[in-house]
Amino acid sequence: MLREETFSVRTTAREQILLITPDVQRALGAMTKGDGIATIVVPHTTCAISVNENADPDVLDDLTKALRALVPKVKFAHGEGNSDAHFLSMLIGCSLSWPYRGGKLILGTWQGFYFVELDGPRSRKVTVYVNE
Ligand code: ZN
């Protein structure tokens, strides 16, 4: 049976990378104490989800700068003016599949789940699905 838990993320800048490991773990733990593969989804088109280093906060600033620099100098037509955010969202991705055991995410020592805001500030949703 497919189950899901959704939580909100409030961003405060246009580009922002926020640690959400505790939120993902809480959502997962509310649904299962078992083993399996969870799917974590952001149901939006101008943000993304990723896993990266959860140790040195400088990494997040560096990644934000690098993402900004990655946007090509093309003439975007989209009237909302946020095609750069759509582009980066497509590159990074809007979902992850991740293993868990005993209801706990299996993460490497330095890994954390990150919500990647690309067109904030906004209120966003993240949904964790399990199929047990
Ligand atoms: Zn748009």
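Every chain's residues receive numbers from 1 upward, in the order its sequence appears when written. Per-residue local features are limited, in this predicted model, to residues with pLDDT of at least 70; the limit for side-chain atom pairs, both in listing and counting, is 80 or more; totals at the level of whole chains, interfaces and linings are taken over all residues. In computing side-chain properties, one takes all heavy atoms of the structure into account and sets aside hydrogens as well as water.

## Here's the deal with the overall build of the protein chain
In DSSP terms, a helix is any run of H or I states spanning at least four residues, a strand is any run of E spanning at least two, and both are numbered starting from the N terminus. The helix and strand inventory of the protein chain stands at three helices and eight strands. In sequence order, the protein chain lays out its α and β elements as β-β-α-β-β-α-α-β-β-β-β. When we talk radius of gyration, it's over C-alpha atoms, and the globule rule is simply 2.2 Å times the number of residues to the 0.38. Its C-alpha radius of gyration of 15 Å places the protein chain within 12% of the 14 Å reference for a compact globule of 132 residues. For the protein chain, the spread of C-alpha atoms along the three principal axes comes to 50 × 30 × 20 Å. A 1.4 Å probe rolled over the protein chains alone gives each residue an accessible area, and that area as a share of the maximum for its type sets the label: buried under 20%, exposed over 50%, partly exposed in between. Expressed as a percentage of the 132 residues in the protein chain, the buried residues total 40%. Whether two residues are in contact is decided by their heavy atoms, any of which lying within 4.5 Å being enough. Within the protein chain, contacts between residues separated by at least 24 positions form 84% of all contacts whose residues are at least 6 apart in sequence.

## What about the coordination of the zinc ion?
The donor definition counts N, O and S atoms within 2.8 Å of each metal and applies 3.2 Å to Na, K and Ca; water is not among these atoms, so some sites may look incomplete. The coordination sphere of the zinc ion contains the protein donors His-78 (NE2), Glu-80 (OE), Asn-82 (OD1) and His-86 (NE2), at a distance range of 1.9 to 2.2 Å. One can describe the site at the zinc ion as irregular: its four donor atoms subtend angles covering 93 to 147° at the metal. Look at Glu-80 and you get exposed, because its relative accessible area is 57%. Residue His-86 is classed as partly exposed on the basis of its relative accessible area of 25%. Donor angles set the geometry label: tetrahedral for four donors if every angle is between 85 and 135 degrees, square planar for four and octahedral for six if opposite donors exceed 155 degrees and the others are between 65 and 115, irregular for anything else.

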